[in-house]
Amino acid sequence: MIRFESVYFAYEKGKWAVENLNFEIKKGEFVALLGSNGSGKSTIARLTDGLLLPNKGNVFVDGINSKDSPDILKSKVGIVFQNPDDQFVGTTVEEDIAFGLENLNIERKEAHRRVYEITKRLGIFRYLKSSPSMLSGGEKQKVAIAGVLAMQPDYLVLDEVTALLDPVSRKEIFNLVYTIAEENNIGVLYITHISEEVVPVERIILISNGEKIKEGGSEEIFSNYRLLESVGVSVPAIFKVYSFLKRRKPDTSPKELSESTLLNKL
Amino acid sequence: MRAKFALGQYNYADSFLHRLDPRVKILLIFFIVILLFFVKTISGYLILFLFSVFLIVLSKSNFSSVMRSIKPILVLLIFTAVFQIFFTPGTVIFQYKFVKITAQGVKLAIYISIRLILLSFFTFILTSTTSNIELTDGFESIISPLKIFGFPAQEVSLMISISLRFVPVLFEEADRIMKAQMSRGAEFNKGSLIERAKSFLPLLLPLLLNALNRADKLATAMEARGFVIGQKRTKYREMRLSGVDFLAIFVTILVMGISIVVREFV
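Residues numbered from 1 in each chain as written. Chains lettered and ligands numbered in written order. Predicted model: local features only at pLDDT ≥ 70, side-chain atom pairs only at ≥ 80, totals over all residues.

Next up on the list: the overall build of chain B. In terms of regular secondary structure, chain B is built from 11 helices and 2 strands. Helices (α) and strands (β) of chain B occur, in sequence order from the N terminus, as α-α-α-α-α-β-β-α-α-α-α-α-α. Taking all 266 residues of chain B together, 23% fall into the buried category. Considering only contacts in chain B between residues 6 or more positions apart, those separated by 24 or more positions represent 77%. (Helix = DSSP H or I, 4+ residues; strand = E, 2+ residues; numbered from the N terminus. Buried ≥ 20, exposed ≤ 12 C-beta atoms within 10 Å, placed from the backbone. Contact = placed C-beta atoms within 7 Å.)

Right, here's the structure in full:
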């Protein structure tokens with residue numbers, strides 16, 4: 001379990017980027033962290049795997065305090081950043097995915113097996129010998145995700161990984177991560193400022209100025225339009241349709257929050 | 001702009017040269033480059049030229065890329081040749097007022113030009129058939145005996161690898177910044193040489209800042225993937241000498257030997 005206990009973090013003295021943050025993510029759980037630009041999302045991502053250490057409070061991953069062993073955390077928590085171009089180390093897709101495995105001292109045979117399996121699973125096997133920089137935005141992000149998944153982390157932090165993608169690729173990446181995490185019992189912290197993306201997520205943490213504003217399911221988070229507006233987050237269009245239907249047909253439940261179901265009901 | 005910069009770019013193909021052990025390629029090319037400065041006959045150079053053409057055909061590279069590899073050294077080549085023609089003492093074959101051209105000067109200019117062209121050909125053969133990671137793995141293996149003296153072989157080779165990967169990225173970035181500045185009225189192709197050089201100054205600062213920003217992000221991503229300076233890492237790629245490597249060593253030594261002993265025919 002990832003546990004944030006009254007975490008404070010500041011880049012400059014007296015100006016908290018993260019303030020009194022408390023939350024937990026269990027293994028196998030998919031949690032979304034939603035907030036506008038500059039709300040402290042990326043700082044939280046870096047605190048999760050020990051890249052940053054809290055000024056006050058503690059971050060625990062499976063009972064290990066990040067202040068005690070930040071390096072152990074990096075093998076337990078995988079993190080993928082927004083721009084894949086800033087993350088590639090290898091000249092080819094294969095070499096890049098293998099980079100993390102070399103750092104973990106994984107034997108050659110096992111490393112080859114993992115690279116083969118993860119690239120097959122993510123549908124990028126045919127690009128193994130290609131340069132990552134030659135791929136499309138969605139494929140590049142798949143390579144970056146593969147590089148982290150190959151390390152077989154217990155938890156995955158995705159820091160705005162779809163922000164540079166078109167809506168179709170965005171949906172594809174989200175669904176892929178959701179399925180793989182479910183299959184492999186990986187705990188996921190899905191960080192985004194795009195509210196549409198996280199509508200299907202069961203637990204959403206809304207943050208603003210480094211503070212947790214609200215935590216709950218889609219209905220709890222998105223039903224308060226005024227609150228969302230005050231923290232710079234838009235209300236998903238699909239949720240507006242859902243609210244409209246709910247007023248007309250009170251039996252509409254949050255489980256029906258999908259385009260096809262709502263369209264049928266309309 | 002990236003396409004114009006062929007030197008140091010890997011050609012994604014599968015050829016006999018691509019399959020050779022990188023250590024063999026690095027060492028053979030290294031010795032050929034040294035040999036270029038010891039060959040004293042045109043026939044010797046002709047043999048090396050034909051050998052380089054043979055290797056380029058074998059590497060499945062196209063000749064337009066090879067020609068592009070000469071472009072960056074063209075100014076150096078012309079300057080050196082002109083300098084040798086006019087300033088080398090010897091038998092005068094042409095004189096106009098104080099300008100003298102000597103037979104030795106012409107010969108030296110031809111030799112130096114051939115050396116520089118062959119140097120870029122052989123460098124092209126190495127970098128177009130060996131990926132950056134292979135190059136650095138090979139280089140690391142070659143310099144690894146220095147580890148006993150405390151030399152950070154692994155870190156140095158990784159540093160070189162990342163620098164090589166970022167060369168085309170920086171060229172693309174420069175191109176992007178130039179276009180952005182041109183769209184706001186900046187002119188890079190007008191005026192005298194000094195004016196043109198001055199117009200490039202506003203390009204340098206954003207380029208440097210972007211490069212530093214990218215370096216910072218890459219360092220964070222590498223750390224997140226478990227990279228720790230000085231820590232032992234496994235190797236994903238196995239380097240083992242095979243029959244083709246010994247064949248390449250034999251053929252290269254044979255060609256080098258012939259180019260040294262061959263008699264002048266012109």
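Counting residues at the interface gives 25 residues for chain B and 30 residues for chain A. Within the residue set of the side of chain B that touches chain A, elements represented by two or more residues are helix H7 (132-143), helix H8 (153-182) and helix H10 (201-224) of chain B. The element best represented in the side of chain B that touches chain A is H10(B), accounting for 8 residues. Residues belonging to the side of chain B that touches chain A are distributed by class as follows: 11 nonpolar, 5 polar and 9 charged. (Nonpolar A, V, L, I, M, F, W, Y, C, P; charged D, E, K, R; others polar.)

All right, on to the nonpolar core then. In terms of nonpolar packing, the biggest core is built from 77 residues, with Val31(A), Leu33(A), Ala146(A), Val157(A), Leu158(A), Val188(A) and Tyr190(A) touching the most fellow members. Look past the residues within four positions of Tyr190(A) in its chain and what remains in contact with it is Phe30(A), Val31(A), Ala32(A), Leu33(A), Leu158(A), Val198(A) and Val201(A). (Core = buried A, V, L, I, M, F, W, Y, C linked by C-beta atoms within 7 Å.)

Residue and element names in this part refer to chain B. Judged from the 4 bridges that link them, strand S1 (residues 92-96) and strand S2 (residues 99-102) form a sheet pairing that is antiparallel. When the bridges of S2 are listed, Phe-94 appears paired with Ile-101. Between S1 and S2, which follow one another and run antiparallel, lie 2 residues, and Lys-97 among them has a positive phi close to 55 degrees. (Pairing = 2+ DSSP bridges.)

As a further point, take the domain arrangement of chain A. Residue and element names in this part refer to chain A. According to the domain assignment, chain A contains domain 1 (2-235) and domain 2 (236-266). A straight line from the C-alpha centre of domain 1 to that of domain 2 covers 29 Å. Each partner contributes residues to the interface: domain 1 has 9 residues there, and domain 2 has 7 residues. Split by residue class, the side of domain 1 that touches domain 2 holds 4 nonpolar, 3 polar and 2 charged. (Domains from an automatic or database assignment.)

This paragraph deals with the domain arrangement of chain B. Segmentation of chain B into domains returns domain 1 (1-130 + 240-266) and domain 2 (153-229). Domain 1 of chain B and domain 2 of chain B are separated by 30 Å when their C-alpha centres are compared.

All names here are of chain A. Strand order in the open sheet formed by 4 strands is S2-S1-S4-S5, and the pairing between neighbours is antiparallel. Only two strands of the sheet have a single neighbouring strand rather than two, namely strand S2 (15-25) and strand S5 (64-65). Across the sheet, helix H1 (residues 41-48) is in contact with strand S1 (2-12), S2 and strand S4 (56-61); its angle to S2 comes to roughly 60 degrees. (Axes fitted to C-alpha atoms, helices over the stretch in contact; angles between N-to-C directions.)

Here the focus is the confidence of the model for chain B. All names here are of chain B. On average, residues of chain B score 84 in pLDDT, and 95% of them are at 70 or above. Looking across chain B, the model is least confident in helix H9 (residues 193-199), with a mean pLDDT of 76, and most confident in helix H2 (residues 22-36), with 93. Scored below 50 in pLDDT, residues 1-7 makes 19 contacts in the model with residues more than four places away or belonging to other chains. (pLDDT = per-residue confidence, 0-100.)

Another point: the sheet that holds strand S8 (residues 187-192) of chain A. All names here are of chain A. Spatially, the 6 strands line up as an open sheet ordered S6-S7-S8-S3-S9-S10, and their pairing is mixed. Taken across any chain shown, the strands that pair with only one partner, and hence form the sheet edges, are strand S6 (77-80) and strand S10 (211-216). In this sheet, neighbouring strand axes are inclined to one another by 20 degrees on average, regardless of whether the strands run parallel or antiparallel. For S6 and strand S7 (residues 155-159), the ladder comprises 4 bridges, and the chain directions are parallel.

Before going further, it helps to spend a moment on unusual backbone geometry. Phi angles above zero are rare outside glycine, and Asn209(A) is one such case at about 45 degrees. Structurally, Asn209(A) can be placed in the loop between strand S9 (203-208) and S10. For Asn209(A), a count of 15 C-beta atoms within 10 Å gives the class partly exposed. One non-glycine residue, Lys97(B), lies in positive phi territory at about 55 degrees. Summarising the element assignment, Lys97(B) is placed in the loop between S1 and S2. Owing to 5 C-beta atoms within 10 Å, Lys97(B) belongs among the exposed residues under this scheme.

All names here are of chain A. At a closest axis distance of 10 Å, the pairing of helix H3 (residues 93-103) and helix H4 (residues 108-122) adopts a crossing angle of 125 degrees. Classified by the angle between their axes, H3 and H4 sit oblique to one another. The way H3 lies across H4 gives a crossing that is right-handed. Listed contacts from H4 to Glu-94, Ile-97, Ala-98 and Leu-101 of H3 are Ala-111, Arg-114, Val-115, Ile-118 and Thr-119. The class makeup of the residues in the contact of H3 with H4 is 6 nonpolar, 1 polar and 2 charged. (Parallel < 35°, antiparallel > 145°, perpendicular 65-115°, else oblique. Left-handed = near helix turned anticlockwise from the far one by under 90°.)

Residues and elements named next belong to chain A. Taking 1.5 Å of rise per residue, 18 residues should cover 26 Å, and helix H6 (residues 167-184) covers 26 Å from first to last C-alpha, within 8% of that figure. Those residues of H6 that fall on the buried side of the exposure criterion are Arg-170, Ile-173, Phe-174, Val-177 and Ala-181. Angularly, the buried residues of H6 cover 100 degrees about the axis, an arc narrow enough to put them on a single face. Residues of H6 that are exposed and angled more than 90 degrees away from the buried face: Val-168, Asn-175, Thr-179, Glu-182 and Glu-183. As for H6, its buried residues are in contact with strand S3 (30-34), helix H5 (137-149), S7 and S8. (Expected span 1.5 Å × (residues − 1). Arc of directions from axis to C-beta.)

Before going further, it helps to spend a moment on the environment of Asn189(B). With respect to the helices, strands and loops of the structure, Asn189(B) is situated in the loop between H8 and H9. For Asn189(B) and Ser199(B), which are 10 residues apart along the polypeptide, the C-alpha to C-alpha distance reads 8.8 Å.

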